[in-house]
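# Analysis of the macromolecular model
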Amino acid sequence: MIEYYIYFSSLSNNLKHLSKPIIKRNVDKTISIGYKSYNDGIYSFTYDNICSFKNSIGDQDVYELYYVQAPLLYATYGNLFEKINAYHSGIVLYNKNGGPNITIDYYAIPSFEATLFPKSIIKNSQGNYDLSWDTYGLIEVSNYINETYWNKRQLIMYDLSGTQIKQYLCWVPIYNKTHTFYNLFNIESDSLSISNNNNNNNNNNNNNNNNNNNNNNNNNNNNNNNNNNNNNNSSENKIIYKNSSTCDDFVWESFDVLYKLGGTIASVQSDPQRDDIKLFISNGEIKIVDYNNPIKRNQIATFYNELKDFANLGKNKTALEIFHELITFFNGYFYCYIDNEYYEMKLSKQNPISFTYLPSPIPIGKRNFNEIKKLGFCK
């Protein structure tokens, strides 16, 4: 497991930039943005005009696909976060016929910080709080590869035709339309809680069997074996409540789509590594909070105000240390803003969060082209 050393005191003041250089834009809730140039001849395309970019690609062009990574928050911290394997990721498509190269990635706008904290928390005339957010996830396609910025790369696929790349670019806006918010966290049940519940249930069964039939050793042995199996398989019984929506999630979905379109998987020694952040629920389920309830809304506002204050005091501590202290401070209760909803949950005290950078499988097996959704006007 990777422990992320995050200096929250400086981050809360300096997370005003994304992990990549971008052009400032005004973004509405439909994420409808026109392209703008970085430099002469270098353009970025987003959401509603990605389809127009594909017209510059020849059907017979041949592409290689690379998984690329850059240190998280590079614009502010340079290569600092590379030391702890915290990266922003994307896809680079090299045109072997001399046509346009392509960079494509999914990132948080207007800033990484905006995914964690509300834009404003204001007390209204009735004495209740109102919260507003300004955070979205945006896919950007560029006809330029910044070799300096993307300092890690790994070949994933080859022999992708221009036609297949065009089809992929028709799928991209669908993904962005269904992933309009950047969400850092996977939210799952805590395996320890499930294991304990299974053990308790099996222990009760053992006691019942012992009371009802003291001489039936075989039944006891079977129940003991069940205990062991439940311990070994507790991770398989995890409940996933919410999935993250990050740059890495987009990259792996892209791998899947391009594989289904016919991409040839390159021979690799190991699967590519990616970052993953999980929140673990100790018991019960996450609940959608009624934002129209002023009591609940005030609780949410208090949580985020205290969270900001707490982050400013967290200098020189690891993110894991800070989260463990947060769980104690908030008595396990935690709020997340995901897809225009507030979620209330009680996190595990023993294992509230994990930060990992581990290999993740790339697609194999049968391909089903018909599973891919494409925009009707983008053909």
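## Section: the sheet that holds strand 15 (residues 333-338)
- Pairing in this open sheet of 3 strands is antiparallel, and the strands run 14-16-15 from one edge to the other. In this open sheet, the two edge strands, each paired with only one partner strand, are strand 14 (287-288) and strand 15.

## Here's the deal with the nonpolar core
- In terms of nonpolar packing, the biggest core is built from 74 residues, with Y168, F255, Y304 and M345 touching the most fellow members.
- Considering each element in turn, this core owes the most residues, 8 residues, to helix 7 (residues 247-260).
- Sequence-distant contacts of F255, that is, excluding residues within four places in its chain, are made with L65, Y67, I91, I156, M157, P272, I362 and P363.
- By size, the runner-up hydrophobic cluster in this structure holds 8 residues, among which are V68, V92, I145 and Y149.

## Regarding unusual backbone geometry
- With an omega of 0°, the peptide bond between I109 and P110 qualifies as cis.
- Residues other than glycine seldom take positive phi values, yet D339 does so here, at roughly 50°.
- By the secondary structure assignment, D339 is in the loop between strand 15 and strand 16 (341-346).
- When its relative accessible area of 40% is taken as the criterion, D339 is described as partly exposed.
- Even without glycine at this site, N340 takes up a positive phi of about 70°.
- Tracing the sequence through the fold places N340 in the loop between strand 15 and strand 16.
- Its relative accessible area of 49% is what places N340 among the partly exposed residues.

Conventions adopted
Residues numbered from 1 in each chain as written. Predicted model: local features only at pLDDT ≥ 70, side-chain atom pairs only at ≥ 80, totals over all residues. Heavy atoms only, no water. Pairing = 2+ DSSP bridges. Helix = DSSP H or I, 4+ residues; strand = E, 2+ residues; numbered from the N terminus. Core = buried A, V, L, I, M, F, W, Y, C linked by side-chain atoms within 4.5 Å. Buried < 20%, exposed > 50% of the residue type's maximum accessible area, 1.4 Å probe, protein only. Contact = heavy atoms within 4.5 Å.

Fair warning: the whole summary comes from geometry, so function is off the table for now.
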